[in-house]
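Structural features, examined
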Amino acid sequence: MDEGWYRLGMVVAFTLGLWEGVIAIVYRAFTDKEAGVMTAVNHLPSPWCYAAGAVVAVVAVVVVGALDRGRKRLLERRNAPSGV
């Protein structure tokens, strides 16, 4: 996999985690806006929407970390001397 795909995956995971996690919780806690497509976790009842938002944010951090480790391994394999 090319490094560009890792970076794209990181950006997508980070954006979804931020939007569906942190921003959805802020919308629910501090605004009177109705739940929409972009804040899907806010369709859940009150205590569960906060838990779902936190889980989404944590999963996004784990995915970004896994993608970063994969990218570093890819770079190490590319830079490793060929042959024994």
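The sections below set out a description of the structure shown in this document. (Residues numbered from 1 in each chain as written. Predicted model: local features only at pLDDT ≥ 70, side-chain atom pairs only at ≥ 80, totals over all residues. Heavy atoms only, no water.)

1. Examining the overall build of the protein chain
Secondary structure summary: the protein chain contains two helices and zero strands in total. Rg of the C-alpha trace for the protein chain: 18 Å, well past the compact-globule value of 12 Å for 84 residues, more than 25% over. For the C-alpha atoms alone, the extent of the protein chain along its principal axes is close to 65 × 20 × 15 Å. A sequence separation of at least 24 residues applies to 53% of the contacts in the protein chain between residues at least 6 apart. (Helix = DSSP H or I, 4+ residues; strand = E, 2+ residues; numbered from the N terminus. Rg over C-alpha atoms; globule rule 2.2 N^0.38 Å. Contact = heavy atoms within 4.5 Å.)

2. What about the side chain of R71?
Within the secondary structure layout, R71 lies in helix α2 (residues 46-79). The class for R71 is buried, based on a relative accessible area of 13%. (Buried < 20%, exposed > 50% of the residue type's maximum accessible area, 1.4 Å probe, protein only.)

3. Here's the deal with helix α1 (residues 3-30)
Here α1 spans 39 Å end to end across 28 residues, near enough to the 40 Å set by a 1.5 Å rise per residue. All buried positions along α1 are accounted for by E3, Y6, M10, A13, G17, E20, G21 and A24. (Expected span 1.5 Å × (residues − 1).)

4. Quick notes on the pattern of salt bridges
A complete count under the given rule lists two salt bridges for this structure. A salt bridge links R71 to D68, with the shortest nitrogen-to-oxygen separation between them at 3.3 Å. Placement of both R71 and D68 in helix α2 is noted, with a separation of three residues, approximately one turn of the helix. Owing to a relative accessible area of 22%, D68 belongs among the partly exposed residues under this scheme. A salt bridge links D68 to K72, with the shortest nitrogen-to-oxygen separation between them at 3.5 Å. Linking D68 with K72, this pair stays in helix α2, spanning four residues, or about one helical turn. Each member of the salt-bridge network shares a partner with another, and the members are D68, R71 and K72. (Salt bridge = Lys/Arg side-chain N within 4 Å of Asp/Glu carboxyl O.)

5. Remarks on α2
Between its first and last C-alpha, α2 extends 50 Å over 34 residues, near the 50 Å set by a 1.5 Å rise per residue. Here α2 has its buried residues at C49, A52, G53, A60, G70, R71 and L74. Where the residues of α2 are buried, they touch α1.

Geometric descriptors of this kind do not, in isolation, establish any biological role.
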